[in-house]
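Examination of the molecular architecture
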Amino acid sequence: MPVYIGKRLLVAIPTLLIISIFVFSLQKLLPGDPILAMAGEERDPATIEFLREKYHLNDPIITQYLSWVGGILVGDLGVSLRTNQPVLELIGQKLPVTIQLAVMAMILAMLIGIPAGILAAVYKNRTLDYVANVVALSGLSIPNFWLGIMLILLVSVNLGWLPASGYESIFVDPVRSLKTMIMPAFVLSTALAAQLMRHTRSAMLGVLSSDYIRTARAKGLSPREVILSHTFRNALLPIITLSALLFGELLGGAVLTEQIFTIPGFGKLTVDAVFTRDYAVVQGIVMCTAIGFIVMNLIADILYVLLNPRLRATL
């Protein structure tokens, strides 16, 4: 297993290198100049030149890129052009918020989507299957921003059950934190649950048609044991893959949802950085998101090996 993990990490190195080149190159193509915004309304030439020298923007592009990558290797993502704070510090402030939102949304999605997919597969072409598919299609079709606004109007404004917006750290006030995060987590979980339901149903149907499932039934095993112990366990691999990818997307920041519910996470940080042309922050966010995707894929690969004896035999 350690050798396998080492090989997967070696594959991640060129991936991150290619991502860094794209991120750095594309941000140079964006319109606008953050230095002009920082220089103020008068835009004194001496001030502009000083700022360009301070942030090494007069250096050749390759020098800027190598300096940026060298900083990443030692944990330095640069300094925000807008707040003059280290980018790593800014990300450290926002990342726990997005992680909490992503974990809650993923838990809700799995609690809804996976059981619904199992039931839809077991009762294929029956009423429960049709209902599950209609609900899943609705979850994929309804925009998150519309659902979020409707929930705020119904649950917060009309019923007064939950706060309409804001955020409280789970370490400061766990109860209020859950109250402020449950609605945005549910909004995010609807589309995720729909995707998990469709993939779970498809994977379960593929396994249910296998010979060993018919053999298990012929041996007199209970339907519960056949479904949970034999079918679901062998259908887990595609579900794990999808869950890892979906969680990686959540770590990238749910921009619209965080804006609607005024949650100070990755999404809001990204929007603010883009509008103020704070390129150092945008680069840092994208690189952290890429690392998050790679970590989630690595976890999925490890779970593959743990759940599939045939893969363990090849290591």
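Everything discussed here concerns the structure shown above.
To start, this report covers the structure provided alongside it. None of the values given here were measured: they were computed from a predicted structure.

1. A short note on the overall build of the protein chain
What the protein chain contains, in helices and strands, is 15 helices and zero strands. Judged by the C-alpha coordinates and their principal axes, the protein chain covers about 85 × 55 × 35 Å. Evaluated residue by residue, the protein chain yields a buried proportion of 38% over its 315 residues. Counted over contacts in the protein chain with a minimum sequence separation of 6, partners at least 24 positions apart contribute 70%. In the structure as shown, the protein chain presents an accessible area of about 17200 Å², 68% of it carried by carbon and sulfur atoms.

2. Details of helix α4 (residues 61-73)
Here α4 spans 19 Å end to end across 13 residues, near enough to the 18 Å set by a 1.5 Å rise per residue. Three or more residues of α4 are buried, namely Gln64, Tyr65, Trp68 and Gly71. An end-on view of α4 places all buried positions within 130° of arc, on one side of the element. Exposed side chains of α4 directed beyond 90 degrees from the buried face belong to Ile62, Leu66 and Leu73. Of the residues flanking the end of α4, it is Gly75, one or two places downstream, whose phi is positive at about 85°.

3. Digging into the pattern of salt bridges
Considering all chains together, one arrives at one salt bridge under this definition. A salt bridge links Asp129 to Arg201; its shortest N-O distance comes to 2.8 Å. One end of the pair, Asp129, is in helix α6 (residues 127-141); the other, Arg201, is in helix α8 (residues 174-208), and 72 residues separate them in sequence. Note on Arg201: relative accessible area 17%, which makes it buried.

4. Considering α8
Its 35 residues place the ends of α8 only 42 Å apart at the C-alpha level, less than the 51 Å of an ideal helix rising 1.5 Å per residue. Remark: the principal bend of α8, roughly 35°, maps to Met181, with a proline, Pro184, within the next four residues.

5. Looking at the packing of α6 against α8
Here α6 crosses α8 at 140°, and the two axes come no closer than 7 Å. Classified by the interaxial angle, the pair formed by α6 and α8 is oblique. The interaxial crossing formed by α6 with α8 has left-handed handedness. Where α6 abuts α8, its residues Asp129, Ala132, Asn133, Ala136, Gly139 and Leu140 lie against Thr190, Ala191, Ala194, Gln195, Met197, Arg198 and Arg201.

Conventions used here
- Residues numbered from 1 in each chain as written.
- Predicted model: local features only at pLDDT ≥ 70, side-chain atom pairs only at ≥ 80, totals over all residues.
- Heavy atoms only, no water.
- Helix = DSSP H or I, 4+ residues; strand = E, 2+ residues; numbered from the N terminus.
- Buried < 20%, exposed > 50% of the residue type's maximum accessible area, 1.4 Å probe, protein only.
- Contact = heavy atoms within 4.5 Å.
- Areas by Shrake-Rupley, 256 points an atom, 1.4 Å probe, with all protein chains shown as cover.
- Expected span 1.5 Å × (residues − 1).
- Arc of directions from axis to C-beta.
- Salt bridge = Lys/Arg side-chain N within 4 Å of Asp/Glu carboxyl O.
- Bend = angle between axes of the 7 residues up to and from the residue.
- Axes fitted to C-alpha atoms, helices over the stretch in contact; angles between N-to-C directions.
- Parallel < 35°, antiparallel > 145°, perpendicular 65-115°, else oblique.
- Left-handed = near helix turned anticlockwise from the far one by under 90°.

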